[in-house]
Amino acid sequence: MDSEAWLIIRFTLGMAALSTLLVTPIGTVTAWLLAKKRWPGKSLVETLIFLPLVIPPVATGLLLLKVFSRNGLLGGFLTKQLGLEVIFTWRAVVIAMVVMAFPLFVRTARVAFEAVPVRLEQVGRTLGASPLRVWFTITLPLARNGILAGMVMGFARALGEFGATILVAGNIPGKTTTIAVVIYNNIQLGQDEIALMYVLVSIIIAFICTWVGEYLCRRP
Amino acid sequence: MTVQLHNITLTLGAMNFSVDITLPGMITTILGQSGSGKTTLLEIIAGLRRPETGFIKINDVILTDVANKLHVPPEKRNIGYVPQDLALLPHLSVRRNLLYGARQCDPAYYHSIVELLEIEPLLDRRTTMLSGGEKQRVAYARAALTRPKLLLLDEPMANLHQSIKDKILPCLFQMCREFSIPLLYVTHDPSEIAGHSDQVMVMKNGTNSTDRSYLAD
């Protein structure tokens, strides 16, 4: 593999890791709220969160493009107030990955939170622990495996993200090109051998992630 | 010690829970068949469920008063609660389970409880590695170490072999008497607590009943 290939692999891994780090805290709280609390509008929020899993990724990409473009709701604010360009930058890659990884993370972590017996949390309270202490010392440690599995699955999903990324970040070598995008690009150019090399790299990473994710889900 | 449950009501599906009783004395047995509301009663006293009406007082301290929108949260009630499944924390060692609610516990008191319930050899073990009887003793010790003003036990001897019951029950009552911990003991087996209890309360269809025929069965 040449230096360009390593650059693309490193960039993709870095962006996927960053998006996983961003997804984890918000996703953990969201998963807990969905698993353990009853609140008005819950099913609506739930549906919205899981929507990116079922609609075409390019549709998600188009929506992100509208929201984060210079004239968009958030893009306008970021550009004018903070001087941050999003579209066709690495930030767009991260946003696309976050949006696609988030539902998968929440889905996995939510199951883990649901599996934490309410009775343990209740007894923690009767032992004098505040709800926050119960959360950090009982709920979170017991849901840990599911959260870790969610991180791994979210990371894997982020690595494979293509449809939304190509729309909001494009294909700028050294700036926004990810493994998935470079595979597509090489197929378009008729360079199937190079594309297959990236496919092999994707398979190896995905295999490791899925195996680790499954192991974490089953670990007692 | 006096536990006063005044006009406590709660609708739970098809059952209308309704209790109005004053319980003086150190050890009270609550008897009743499955689904009679025994566990609900303990959960209400522990603050884990909010009743729809009424108030709960222990000695002169009001813990719940629906009319005045007062509900002391479970962590501030200082009421020990051992549910039927014991709820030992599976990710912590026995020692860390014991200290979970007793971080500022008097070391002498800690050692007395650990010694009385013969827990010393278990301290570094995971709770998932304990036998049924060992789990029981750890659960009682953990609740007792918070120095509760009332200890609630929900069918603690269910599913235990008679020989284990015979070993654990005397330890339990000795612990409660020695350290002056009042006890509400829920069971459906009157023989478990015969001779130890100061009084008996019978639950039937969600209400405290005066019908003692259950005891004669």
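The structure presented is a predicted model; accordingly, all values stated were derived computationally and were not measured.

A. Representation of the overall build of chain A. Across its full length, chain A carries ten helices and zero strands. Shown N-terminal to C-terminal, the secondary structure of chain A runs as helices and strands in the order α-α-α-α-α-α-α-α-α-α. Overall size of chain A, expressed as C-alpha extent along the three principal axes, is 65 × 40 × 30 Å.

B. How the structure looks around the environment of Leu172(B). All names here are of chain B. Within the element layout of this structure, Leu172 appears in helix α5 (residues 162-178). You can call Leu172 buried: its relative accessible area is 0%. The spacing of Leu172 and Leu183 is eleven residues in sequence and 9.9 Å in space, taken between C-alpha atoms. If we skip the residues at most four places from it in the chain, Leu172 touches Tyr140, Leu153 and Tyr185.

C. Seen up close, the nonpolar core. If you look at the biggest cluster of nonpolar residues, it comprises 52 residues, and the most contacted ones within it are Phe68(A), Val106(A), Phe113(A), Ile179(A) and Tyr198(A). Looking at this core, the elements with two or more residues in it are α1 (3-36), α2 (42-54), α3 (57-68), α5 (90-114), α7 (131-160), α8 (163-168), α9 (179-188) and α10 (192-218) of chain A. Those residues in contact with Tyr198(A) that lie beyond four places of it in its chain are Glu4(A), Ala5(A), Ile8(A), Ile179(A), Val182(A), Ile183(A) and Asn186(A). Core analysis: the next-biggest nonpolar cluster, separate from the first, contains 41 residues, Ile27(B), Tyr110(B), Ile119(B) and Ala139(B) among them.

D. Representation of the confidence of the model for chain A. Confidence along chain A averages 92 in pLDDT terms, with 99% of residues attaining 70 or more. At the low end of the mean pLDDT range in chain A sits α10(A), at 87; at the high end sits helix α6 (residues 118-126) of chain A, at 96.

E. How the structure looks around the interface of chain A and chain B. Opposite the 18 residues of chain A that make contact, chain B presents 22 residues. Summing both sides of the interface, chain A and chain B together bury roughly 1,700 Å²; the carbon and sulfur share of this comes to 62%. Summed over the shared surface of chain A and chain B, the number is two salt bridges. One salt bridge in this structure joins Arg119(A) and Glu43(B), with 2.8 Å as the shortest N-O distance. Applying the counting criterion to the chain A and chain B interface returns six residue pairs in polar contact (both at pLDDT 80 or more). Elements that contribute at least two residues to the side of chain A that touches chain B include exactly α6 and α7 of chain A. When the residues that make up the side of chain A that touches chain B are grouped by side-chain class, the tally is nine nonpolar, six polar and three charged.

F. Main features of the packing of α5(A) against α7(A). All names here are of chain A. Interaxial distance between α5 and α7 falls to 7 Å at its minimum, and their mutual angle equals 145°. The way α5 lies across α7 gives a crossing that is right-handed. Class assignment for the residues of the contact of α5 with α7 results in 16 nonpolar, five polar and one charged.

G. Inspection of a nonpolar patch on the surface at higher detail. Residues and elements named next belong to chain A. The grouping of Leu200, Ile204, Phe207, Ile208, Trp211 and Tyr215 at the surface amounts to a nonpolar patch, some 700 Å² of accessible area in total. Here Trp211 shows up in helix α10. Trp211 sits in the exposed class, given a relative accessible area of 56%.

H. Spotlight on the side chain of Thr28(B). Mapping Thr28(B) onto the fold places it in strand β3 (residues 27-31). Residues in contact with Thr28(B), not counting those within four places in the same chain, are Leu23(B), Leu183(B), Leu184(B), Tyr185(B), Ser197(B) and Gln199(B).

I. Quick peek at the packing of helix α4 (residues 132-144) of chain B against α5(B). All names here are of chain B. Running from N to C, α4 and α5 cross one another at 10°; their axes reach a closest spacing of 10 Å. What the angle tells us is that α4 and α5 run roughly parallel. Two secondary-structure elements touch here, α4 through Gly133, Gln136, Arg137, Tyr140 and Ala144 and α5 through Ile164, Ile168, Leu172 and Met175. Looking at the contact of α4 with α5, its residues break down into six nonpolar, two polar and one charged.

Parameters and conventions
- Along each chain, residue indices are assigned from 1 in the same order as the chain's sequence is written.
- Each chain takes a letter, starting from A, and each ligand takes a number, starting from 1, following the order in which they are written.
- With pLDDT at 70 or above as the cut-off, local features in this predicted model cover only qualifying residues; side-chain atom pairs require 80 or more to be listed or tallied, and sums for whole chains, interfaces and linings still use all residues.
- Side-chain metrics in this entry use all non-hydrogen atoms of the structure; hydrogen atoms and water are not considered.
- Going along the chain from the N terminus, every DSSP run of H or I of four or more residues is numbered as a helix, and every run of E of two or more is numbered as a strand.
- A 1.4 Å probe rolled over the protein chains alone gives each residue an accessible area, and that area as a share of the maximum for its type sets the label: buried under 20%, exposed over 50%, partly exposed in between.
- Contacts are assigned to residue pairs that have any heavy atoms within 4.5 Å of one another.
- Residues enter a nonpolar core if they are buried and are Ala, Val, Leu, Ile, Met, Phe, Trp, Tyr or Cys, with the set joined through side-chain atoms within 4.5 Å.
- Confidence scores here are pLDDT values: one per residue, from the predictor, ranging 0 to 100.
- Values labelled buried area give the accessible surface lost by two parts on being combined, using a 1.4 Å probe and summing over both.
- The salt bridge criterion pairs a side-chain nitrogen of Lys or Arg with a carboxyl oxygen of Asp or Glu, the two atoms within 4 Å.
- Within 3.5 Å is the distance limit for a polar contact, defined as a pair of N or O atoms, with the added protein rule that one can donate a hydrogen and the other accept it, and that residues adjacent in sequence qualify only through two side-chain atoms.
- The nonpolar class holds Ala, Val, Leu, Ile, Met, Phe, Trp, Tyr, Cys and Pro. Asp, Glu, Lys and Arg form the charged class, and all remaining residues, Gly among them, are polar.
- A fitted line through C-alpha atoms represents every axis, and for helices the fit uses only the stretch in contact; the resulting angles, taken between N-to-C directions, go from 0 to 180 degrees.
- Throughout, a crossing is termed right-handed when the near helix is turned clockwise from the far one, and left-handed when it is turned anticlockwise from it by less than a right angle.
- Without a salt bridge and with relative accessible area above 30%, a residue can belong to a patch; like charges are then joined within 9 Å and nonpolar side chains (Val, Leu, Ile, Met, Phe, Trp, Tyr) within 5 Å.
- Each accessible area value is a Shrake-Rupley result obtained with a 1.4 Å probe; residue values ignore everything except the protein chains displayed when judging cover.
- If an angle is under 35 degrees, it is roughly parallel; if it is over 145, roughly antiparallel; if it lies from 65 to 115, roughly perpendicular; otherwise it is oblique.

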